[in-house]
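Observations on the model geometry
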Amino acid sequence: KGGDRVIRKVLIANNGMAATKSILSMRQWAYMTFGDEHAIEFVAMATPEDLKANAEFIRLADSFVEVPAGKNLNNYANVEVITQIAKEQGVDAVWPGWGHASENPKLPNTLNALGIKFIGPTGPVMSVLGDKIAANILAQTAKVPSIPWSGSFGGPDDGPLQANLNAEGTIPDDIFEKGTTRTVEEAVEAARRIGYENGIMIKASEGGGGKGIRFVDNEDDLRNAYVQVTNEVVGSPIFIMQLCKNARHIEVQIVGDQHGNAVALNGRDCSTQRRFQKIFEEGPPSIVPKETFHEMELAAQRLTQNIGYQGAGTVEYLYNADTNEYYFLELNPRLQVEHPVTEGITGTNLPSTQLQVAMGIPLYNIPAVRMLYGKDPEGT
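Residues numbered from 1 in each chain as written. Predicted model: local features only at pLDDT ≥ 70, side-chain atom pairs only at ≥ 80, totals over all residues. Heavy atoms only, no water.

**Some points on the overall build of the protein**
Our working definition: Helix and strand definitions follow DSSP, with helices as H or I runs of at least four residues and strands as E runs of at least two, each counted in order from the N terminus. We compute the radius of gyration over the C-alpha atoms and compare it with the globule rule, which gives 2.2 Å times the number of residues raised to the power 0.38. A simple rule labels every residue: compare its accessible area, found with a 1.4 Å probe on the protein chains alone, to the largest value its type can have, and call it buried under 20%, exposed over 50%, or partly exposed in between. What makes two residues a contact is simply this: any of their non-hydrogen atoms within 4.5 Å. For accessible areas, the Shrake-Rupley method is used with a probe of radius 1.4 Å. Any residue's cover is judged against the shown protein chains and nothing else.
Helix and strand counts for the protein stand at 14 helices and 14 strands. The globule rule puts the C-alpha radius of gyration for 380 residues at 21 Å, and the 21 Å found for the protein is close to it. Taking the principal axes of the C-alpha coordinates as reference, the protein spans close to 65 × 50 × 40 Å. Expressed as a percentage of its 380 residues, the buried residues of the protein come to 53%. The contacts in the protein between residues at least 6 apart in sequence include a share of 63% that link residues at least 24 apart. Of the roughly 17000 Å² of accessible surface on the protein, 50% is carried by carbon and sulfur atoms.

This is the structure:
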């Protein structure tokens, strides 16, 4: 099939539903492909709490290694623990799932140095996507629409910041700095150019979970809120963006390979949320006209290819149904918990697709992807 790496033994660096789903999915693929569901050997990590609960994923795995109890920094989010186990167990690859260490660039970087495959994007790409300012610049470079912000004010003569990753896998500093507002006065000027009509969001690039974000609709409040944001996420670059009112939260599932190919596997509407947590997802996202959603898929593919993204990920957009406009929000560099919605729509087994991409198999040679595009699944 054109792959260049044999993977026979995989460490599952996760627990609970993520670990259970990944093992079941990859075993199903192994049976359908080789007639042997045990063609791939799985090593699980298990805390004393998981063992006491007789967790399903431990039973499903071929073997397990007990890891320290307590918070996830002691076990599933601990890069040193994961890489040590991977080395000792002689695994070929590590599947990180979601949460825990799945978005820590140190994990793929460390595993790469050990000659072990990380089933996901490379460390440098993961690192740059974790920064909201850099991610927006990369999206603009791939001609993905962005909401007016301090890196592109939305006017006709202030072309969006554009930059490709340099040799170190980062955005050049001079371009990055143009998207930041390092002082209150810079923030005030950026907000003036964007306009207060829809409201302004002040965001810390390294913020999250409700921290480092404020809404304002006038200059006086902006001056006060800017100080609050800088104090909440100390040392983080700050940027300004326009509020997108009445927006729907739309996702496009993407997969990229090491050969520069990318596919969009339909999408999901995750607008129904409570306290910033998704309650349920709808797929396909019926609120978006087919022609517009196709544009969103193509934009997601361009971004995936431009940055050399490998593995499964999700490009997220804000969509305004009244104007039929969409704007880049972020690219999640991992598989998401809601991926079974996409599997139900497309018939694609996503964990096994991740595995095949990690083996170096081109997307156009993966049977499930070929079937989705109406091709002979066994062709090349």
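Don't stop here, the text continues.
**Observations regarding helix H7 (residues 132-141)**
Worth spelling out the cut-off: Side-chain atoms alone can form a polar contact between residues adjacent in sequence; in general such a contact is a pair of N or O atoms within 3.5 Å, and within protein one must be able to donate a hydrogen while the other accepts it.
For H7, a buried count of 9 out of 10 residues is recorded, marking the element as mostly surrounded by other parts of the structure. Along H7, the residues classified as buried are Ile133, Ala134, Ala135, Asn136, Ile137, Leu138, Ala139, Gln140 and Thr141. Regarding H7, its N-cap is Asp131, as a side-chain oxygen of that residue lies 2.9 Å from the backbone nitrogen of Ile133 further along. Within two residues after H7, Lys143 carries a phi angle of roughly 60°, on the positive side.

**Let's talk about the sheet that holds strand S10 (residues 262-269)**
Selection rule: Two strands qualify as a pair provided that DSSP identifies no fewer than 2 bridges between them. Note on geometry: axes are C-alpha line fits, over the in-contact stretch for helices, and angles between N-to-C directions span 0 to 180 degrees.
Across the sheet, 4 strands lie side by side as S10-S9-S13-S14; this open sheet has antiparallel pairing. Looking at strand neighbours, the two that pair on one side only are S10 and strand S14 (325-332), the edges of this open sheet. Along the sheet, successive strands turn relative to each other by an average axial angle of 25°, direction set aside. Relative to strand S13 (residues 311-320), strand S9 (residues 247-256) is paired through 10 bridges, and the arrangement is antiparallel.

**Re the packing of helix H4 (residues 79-89) against helix H5 (residues 106-114)**
Test applied: Angles are sorted into four bins: roughly parallel if under 35 degrees, roughly antiparallel if over 145, roughly perpendicular if 65 to 115, and oblique for all others. Rotating anticlockwise by less than a right angle from the far helix to the near helix defines a left-handed crossing, while the corresponding clockwise rotation defines a right-handed one. Only Asp, Glu, Lys and Arg are considered charged in this grouping, and only Ala, Val, Leu, Ile, Met, Phe, Trp, Tyr, Cys and Pro are considered nonpolar; every other residue, Gly among them, is considered polar.
Where H4 contacts H5, the axes come no closer than 10 Å and their chain directions differ by 25°. Taken as axis vectors, H4 and H5 run roughly parallel relative to one another. Where H4 crosses over H5, the handedness of that crossing is right-handed. Within the contact between the two elements, H4 uses Val79, Glu80, Ile82, Thr83, Ala86 and Lys87 and H5 uses Lys106, Leu107, Thr110, Leu111 and Leu114. Its residues placed into classes, the contact of H4 with H5 shows 6 nonpolar, 2 polar and 3 charged.

**Quick word on the sheet that holds strand S8 (residues 238-242)**
Read across the open sheet, the 3 strands follow the order S7-S6-S8; overall the sheet is antiparallel. Every interior strand has two partners, whereas the edge strands, strand S7 (211-216) and S8, have only one. Strand-to-strand twist in this sheet, taken as the mean axis angle between neighbours without regard to direction, amounts to 25°. As defined by bridge partners, strand S6 (residues 200-208) adjoins S7 across 5 bridges and the pair is classed as antiparallel. Looking across to S7, one finds that Lys203 is bridged to Ile213. Across the sheet, helix H10 (residues 219-232) is in contact with S6, S7 and S8; its angle to S7 comes to roughly 175°.

**Describing the packing of aromatic side chains**
The condition is simple: A pair of aromatic rings is counted whenever rings of Phe, Tyr or Trp (Trp by its six-membered ring) have centres within 6.5 Å, and the orientation is called stacked for planes under 30 degrees apart, edge-to-face for over 60 and tilted otherwise.
Scanning the entire structure with this criterion turns up 4 aromatic pairs. Aromatic pair Trp149 and Phe239: ring centres 5.9 Å apart, planes at 90°, arrangement edge-to-face. Note that Trp149 is positioned in the loop between H7 and helix H8 (173-178) and Phe239 in strand S8, a separation of 90 residues in sequence. Per residue, the accessibility class of Trp149 equals that of Phe239, and both read buried. With a centroid separation of 5.3 Å and 85° between ring planes, the pair formed by Tyr317 and Tyr326 is classed as edge-to-face. The burial state of Tyr317 is the same as that of Tyr326; both residues are buried.

**Some remarks on the pattern of salt bridges**
Basically, it comes down to this: What counts as a salt bridge is simple: a side-chain nitrogen of Lys or Arg found within 4 Å of a carboxyl oxygen of Asp or Glu.
Applying the stated criterion to the full structure yields 14 salt bridges. The partner of Lys106 in a salt bridge is Glu80, and the shortest N-O contact between them spans 2.4 Å. Residue Lys106 is located in helix H5, and its partner Glu80 is located in helix H4; the two are separated by 26 residues in the primary sequence. Residue classification places Lys106 among the partly exposed positions, given a relative accessible area of 41%. For Glu80, a relative accessible area of 43% puts it in the partly exposed group.

Any functional reading would require information that these geometric values do not contain.
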